[in-house]
Amino acid sequence: MKKIVLTVVCTVFAIAAMAQDLQLHYDFGRNIYPDELPQRQKMTLTFEHFSLDNAGSWYYFVDMDFLKDGACGAYTEISREFNIGKQGFAAHVEYDGGLCSTKVGDFGARYQHAALIGPAYNGHNKDFSTTYSIQLMYKQYFRGQNLTHSYSSCQLTGVWSTTFANKALTFAGFFDFWRGVKGNGHGQLIFASEPQLWYNLSSIKGLEKCPISIGTEVELYNNFYTPANGSDKTFFVNPTIGIKCKL
């Protein structure tokens, strides 16, 4: 459920001390999987923020999911990096958590929250048109709703962003690969990735200062969702159309 992407982190690291944006995505997942994911949201609004200081950086995002009758969930990730050693290396500390509700009925739930810590490396090419980050972290899940037990895990995260075609297009995204636990208590490997492709209106002559981009996101998840119809399907592809505004 990790939603967007840390894409802004690396690019902004070398260009500005602070950046933030809003993204609004219309989701087609419920149309593609009406039996497996009937409760899936129609739209997601994402707010991201990144800022630098002398010791490192802060990054966080908040995803708000919407159904026809309003907001149905919120998820956040908050991370802090402390610069260490040679340029590009950092210590990464993170918290993940949120809540959700169902499409029908009065049921509400909290995502099992977790804390992560580990090393990170951030890099870029000469003109900063391409940036990347890699993080290898210890992940601790805390006891959750309905007596969900706490357990230890680890997570590999990669983030990338590249702008090309005379700054008209930006291809960005992230991947997460970690160990989770099934409902029966058995372990499983979970993969999540959300690549995005944006067309930047600022590349059009006369619109150089336009903060708007339009594009798409494709959410790729394996062993993350439990199908509502009890099928054994594990891999899901949920495309969106979206608009992004730099604030």
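For the structure itself, look to the data block above.
Just so it is clear, the structure is predicted and the values come from calculations on it, not from any experiment. (Residues numbered from 1 in each chain as written. Predicted model: local features only at pLDDT ≥ 70, side-chain atom pairs only at ≥ 80, totals over all residues. Heavy atoms only, no water.)

### A word on the overall build of the chain
Then, number 1: Helix and strand counts for the chain stand at two helices and 13 strands.
Then, number 2: A compact globule built from 247 residues would reach a C-alpha radius of gyration of about 18 Å, and the chain, at 18 Å, matches this within 12%.
Then, number 3: Structurally, the chain occupies a C-alpha span of about 50 × 40 × 25 Å along its principal axes.
Then, number 4: When each of the 247 residues of the chain is scored for burial, the buried share is 40%.
Then, number 5: Of the contacts formed within the chain by residues at least 6 apart in sequence, a portion of 52% connects residues at least 24 apart. (Helix = DSSP H or I, 4+ residues; strand = E, 2+ residues; numbered from the N terminus. Rg over C-alpha atoms; globule rule 2.2 N^0.38 Å. Buried < 20%, exposed > 50% of the residue type's maximum accessible area, 1.4 Å probe, protein only. Contact = heavy atoms within 4.5 Å.)

### Here we look at the environment of Leu52
Then, number 1: Tracing the backbone shows Leu52 in strand E2 (residues 43-52).
Then, number 2: Residues Leu52 and Gln20, 32 residues apart in the sequence, show an inter-C-alpha distance of 12 Å.

### Examining the pattern of salt bridges
Then, number 1: Under the criterion given, the structure shown has three salt bridges.
Then, number 2: For Arg40, the salt bridge goes to Asp27, with nearest N and O atoms at 2.9 Å. Of this pair, Arg40 sits in the loop between helix H2 (29-32) and E2 while Asp27 sits in strand E1 (residues 18-27), and the two are 13 residues apart along the sequence.
Then, number 3: The buried category is assigned to Arg40, whose relative accessible area is 8%. (Salt bridge = Lys/Arg side-chain N within 4 Å of Asp/Glu carboxyl O.)

### Considering the environment of Trp160
Then, number 1: Take Trp160: it is sitting in strand E8 (residues 151-164).
Then, number 2: Using a relative accessible area of 22% as the deciding quantity, one classes Trp160 as partly exposed.
Then, number 3: With 108 residues separating them along the chain, Trp160 and Leu52 place their C-alpha atoms 19 Å apart.

### What about unusual backbone geometry?
Then, number 1: The residue Asn166 is not glycine, and still its phi comes out positive at about 55 degrees.
Then, number 2: When you line up the elements, Asn166 lands in the loop between E8 and strand E9 (169-181).
Then, number 3: At Asn223, a residue that is not glycine, the phi angle is positive and equals roughly 60 degrees.
Then, number 4: Structurally, the position occupied by Asn223 is in the loop between strand E12 (212-222) and strand E13 (235-246).

### Examining the pairing of E1
Then, number 1: Across the two faces of E1 the burial differs, with Ala19, Asp21, Gln23, His25 and Asp27 buried and Met18, Gln20, Leu22, Leu24 and Tyr26 not buried at all.
Then, number 2: Examined bridge by bridge, E1 and E13 share seven bridges and lie antiparallel to one another. Within E13, the residue paired with Asp27 across the bridge is Thr240. (Pairing = 2+ DSSP bridges.)

### Comments concerning the side chain of Thr76
Then, number 1: Relative to the assigned elements, Thr76 resides in strand E4 (residues 70-83).
Then, number 2: Looking at Thr76, the relative accessible area reads 18%, which means it is buried.
Then, number 3: Engagement of the side chain of Thr76 in a polar contact is seen with the backbone oxygen of Phe61, the distance being 2.9 Å.
Then, number 4: If near-sequence neighbours (up to four positions away) are discounted, Thr76 is found in contact with Phe61, Val62, Tyr95, Asp96 and Gly97. (Polar contact = N/O pair within 3.5 Å; in protein donor to acceptor, adjacent residues only side chain to side chain.)

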